[in-house]
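For reference, the chains in residue letters:
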Amino acid sequence: MSEPKITITIDDQEYKVNSGQMLIEATDQLGIHIPRFCYHEKLSIAANCRMCLVEVENSTNALPACATEVSEGMVVKTTSESAELAQQATMEFLLINHPLDCPICDQGGECELQDLAYSHGRNESRFEVKKRTLPDDNLGPLISTDMTRCILCTRCVRFGTEIAGLPELGTIGRGESSTISTFVEKTVDHELSGNMIDICPVGALNNKPYRYTDRTWELDQIESVSPHDCVGSNMFLHVKGDKIKRIVPKANPEINEVWISDRDRFAFDGIYSDDRLTVPMLRKNGVLEEATWEEAIDAFSKVLITLQNKKSKNGVAALISSSTALNEQYLYAYLMRSLGFNNIDHRIRQIDFTGDSLDPIFPNFDIKPHQIENMKSILIIGSDLRKETPLIAHWVKKAADQGASVNFINQEYSEYYFPIDNFILSGQEALAENLALVLKASNDDAVNKLPSHIEDVLNALPTPSLSHYQIAKSLANHEQSFLLSGLLCHSHSEYALIRSYLNLLSYVSNSSFGELTHGANATGAYLTGCIPHRKAFGESHELGLNALEMCTKNHQLIVLYGIEPEDCLYQEKLNQSIVGSQTTVQFSPFITPFMKENADIMFPLKTPYESKGAFINASGMIQDFNLQLDLAKDNPSNQELLLQIIEGSKLPMPSLDNLKEKIKKFIDETKNTHNRLLEIPEKVLKTTKNYSSVSSHLYDVDSITRRSRPLQQTKDALSQFSEDQ
């Protein structure tokens, strides 16, 4: 329902605006500029900078536009003499203690204070007293401080309290002694803390790794997408020459608003690691040596053709990262399938594959990320949400702040910084059972009844507890409810059963359902056929070995594309398979001592920061990245490399024309015809280790974050390192 309209006059022009808006919101929508420092559209109103003072008819003094609500018949002048005098006086006051260090300030060229001082300031200062100076705080390895530049707009304080939910910074002291700081000396450690850099209107908070490196006007801006989780946060790469200097958010209201996580902002440093693989490597006479591209491609193609001629389809294992681009996944699957090799998988952090026959065509959210904010009841199972997907945690917090009932079934407590109604602390073995008890409680009064054979399974379970019933009631009583499966579920020995229970609960409670996945493009991996039981576009196919089966066997050929053994949940098993296999081929941006010792052919890959492509996020949204990027000409792109290998393997060249359009159409059709599968997997004897106790580490999700120096100096990474010792 739209807000009623009222009529106001701004600078002698009548406008229709929404009732209840603040004046500055209305002028922003109308394209009328009013200067500001403390106001930010995503934060509460503080009205403490007074830079947005305007003249309002029948008011004795100028009023702050950010804190003045529009009213019928209001007459406003934004450029009158009294408004401009008020703004000039405010600017003069703000500059009294501000240092004149613009030439060395990293904010130069994008400084709001600099811009407004030019348009609203005086030409010379009347202040002759010594300026105040303040000590700088050590906020950690990501944010640098120059607190003498601070104008006390409190944006950073409000961000911590309202967006992060963790008030790490606050206003200390009174009058001239006021300053922004931590109450006790400590670092700022929230996973969204880097956004304070963006919202600071002056040079008080800056990007520490970027400090004193380049000027903003020297940087080219390239639209990109985060490669580190399934959310698909939009961001800008700021590039000078062929080197990324920093990353900032790109606004996308449906995915990440105007924020990005620290992982997305600082991980790129890892691509400049000293162990980058820059040339192909080929093992000759037992020694891994540098080779030409032609030699390496020819050697790999000959191995593939030889195994094809021997009909050794079970002798080849092909693993691929779920963070590779859509075209690369399609070509990799095409290469392997066309040669008759069906052992292909990307699910290297999953151990339970008993539900493959019940697999969805692709894992996804029924809703877009921003719609989580509108949910009235949310159940999250098996997720360390803030570490797995910081932006999804942000949307859940927004829902909780608006009164949503948020409930968890988890193996351990974590700090979430938003209210939680019910938290069922579950042991690893009881995770699926606790979810089943919520389903049992929901089924008692449900309109959509379960099939009798599933009811029989539920009836054999114990009686649900009060918390189970409260969660079930919360889901049933709200039309907008959401079930979210986390990454810890993927590592669970009963993952297939958990996913089936969630599908059933979604059906019974009429709830939307979402499944977090590893990497930036797991949905793409499903749709391009990088799974052993389906070809591209969900077409059934002869069953191959899954990732765990591949890692527990020796092969004639094992291929790792975009993967390091450290990425794999069962790293030890994969290492043994690599050592025991006849030929090992790795496509990777990096070279590790283990792979240098055991790989037979190595191809350098470009990281997602250095290549063009597309990812499909958890909601099925296809997003291009780095389309404006000038690719280096010295090495072939990842796509060109795969095409050359396909050609060398004597295969017909595949067509990539309209691949994205075909996939988008397929996603839309699948979502429109999707029905919940009312079935549970057959019980099988557990023969694998339960890895669900392995927690998600925020800065160890892939080979790039592991090598990012700023991220590895954070409190989270250091605490992980101490736990691993």
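Summarised in this report is the structure supplied together with it. (Residues numbered from 1 in each chain as written. Predicted model: local features only at pLDDT ≥ 70, side-chain atom pairs only at ≥ 80, totals over all residues. Heavy atoms only, no water.)

Attention now moves to the overall build of the protein. Looking only at helices and strands, the protein features 24 helices and 26 strands. Taking 27 Å as the expected radius of gyration for a compact globule of 725 residues, we find that the protein reaches 28 Å, a close match to that expectation. The C-alpha extent of the protein, read off along each of the three principal axes, is 90 × 65 × 50 Å. Per-residue burial for the protein yields a buried fraction of 59% across its 725 residues. Across the protein, every contact between residues at least 6 apart in sequence was considered, and the portion connecting residues at least 24 apart equals 71%. Taken as a whole, the protein presents about 31,100 Å² of accessible surface, with 48% of it coming from carbon and sulfur. Computed over 68 positive and 97 negative side-chain charges, the separation of the two mean positions in the protein equals 2 Å. (Helix = DSSP H or I, 4+ residues; strand = E, 2+ residues; numbered from the N terminus. Rg over C-alpha atoms; globule rule 2.2 N^0.38 Å. Buried < 20%, exposed > 50% of the residue type's maximum accessible area, 1.4 Å probe, protein only. Contact = heavy atoms within 4.5 Å. Areas by Shrake-Rupley, 256 points an atom, 1.4 Å probe, with all protein chains shown as cover. Lys, Arg positive; Asp, Glu negative; His and termini not counted. Charge placed at Lys NZ, Arg CZ, Asp CG, Glu CD.)

This paragraph deals with the packing of helix α4 (residues 155-164) against helix α10 (residues 390-401). Relative to each other, α4 and α10 sit at 85 degrees, their axes nearing to 10 Å. When the interaxial angle is binned, α4 and α10 end up roughly perpendicular. Contacts between α4 and α10 involve T161, E162, I163 and A164 on the former and, on the latter, H394, K397 and D401. Residue composition of the contact of α4 with α10, by class: two nonpolar, two polar and three charged. (Axes fitted to C-alpha atoms, helices over the stretch in contact; angles between N-to-C directions. Parallel < 35°, antiparallel > 145°, perpendicular 65-115°, else oblique. Nonpolar A, V, L, I, M, F, W, Y, C, P; charged D, E, K, R; others polar.)

Let us look at the environment of C230. With respect to the helices, strands and loops of the structure, C230 is situated in the loop between β10 (220-225) and β11 (234-240). Taking the relative accessible area as the measure of exposure, C230 reaches 3% and is therefore buried. Residues C230 and S377, 147 residues apart in the sequence, show an inter-C-alpha distance of 22 Å.

With that settled, consider helix α7 (residues 293-309). Structurally, the α-helix is built with 3.6 residues per turn, so residues lying three or four positions apart point the same way. Relative to the 24 Å expected for 17 residues at 1.5 Å per residue, α7 spans 24 Å between its end C-alpha atoms, a close match to the ideal helical length. Restricting attention to buried positions, one finds in α7 the residues W293, A296, I297, F300, S301, L304 and L307. In an axial view of α7, the angular spread of the buried residues amounts to 130 degrees, which keeps them on one side of the axis. Opposite the packed face of α7, turned more than 90 degrees from it, sit the exposed residues E294, K302 and N309. Buried residues along α7 sit in contact with β15 (316-320), α8 (326-338), β22 (557-561), β23 (583-588), β24 (601-604) and α20 (638-648). Note on α7: the residue one or two positions beyond its end, K311, has a positive phi of about 55 degrees. (Expected span 1.5 Å × (residues − 1). Arc of directions from axis to C-beta.)

Positive phi, close to 75 degrees, is recorded for N58, a residue that is not glycine. You can see N58 is positioned in the loop between β3 (53-56) and β4 (63-64). Although it is not a glycine, Y212 sits at a positive phi angle of roughly 60 degrees. Inspection of the secondary structure puts Y212 in the loop between β9 (205-207) and β10.

This brings us to the nonpolar core. Core analysis: the biggest nonpolar cluster contains 82 residues, and F37, F159, I372, L385, I392, V396 and Y609 have the highest contact counts within it. Broken down by element, this core gets its largest block of residues, seven residues, from α10. In this structure I392 touches V231, F365, P369, I372, L385, L484 and L516, once residues within four positions along its chain are discounted. (Core = buried A, V, L, I, M, F, W, Y, C linked by side-chain atoms within 4.5 Å.)

At a closest axis distance of 10 Å, the pairing of helix α2 (residues 81-94) and helix α3 (residues 112-120) adopts a crossing angle of 130 degrees. As the angle between them shows, α2 and α3 are arranged oblique. Pair α2 / α3 crosses with left-handed handedness. Along its contact with α2, which presents Q87, Q88 and M91, the element α3 presents L113, L116, A117 and H120. In terms of residue class, the contact of α2 with α3 is built from four nonpolar, three polar and no charged. (Left-handed = near helix turned anticlockwise from the far one by under 90°.)

With that out of the way, let us pick up the environment of Y507. Mapped onto the elements, Y507 comes out in helix α15 (residues 495-509). Taking the C-alpha atoms as reference points, Y507 and E72, 435 residues apart in sequence, are found 48 Å from one another. If we ignore the near neighbours within four places in the chain, the residues touching Y507 are N448, K449, L450, R676 and L678.

The strand order across the open sheet formed by seven strands is β14-β13-β24-β23-β22-β15-β16, and the pairing between neighbours is mixed. Sheet topology places β14 (287-290) and β16 (344-345) at the edges, where each strand pairs with a single neighbour. The pairing of strand β13 (residues 281-284) with β14 spans four bridges and is classified as antiparallel. Considered in β14, the bridge of L282 is made with E289. Relative to the sheet, α8 contacts β15, β16 and β22, its axis offset from that of β15 by approximately 175 degrees. (Pairing = 2+ DSSP bridges.)

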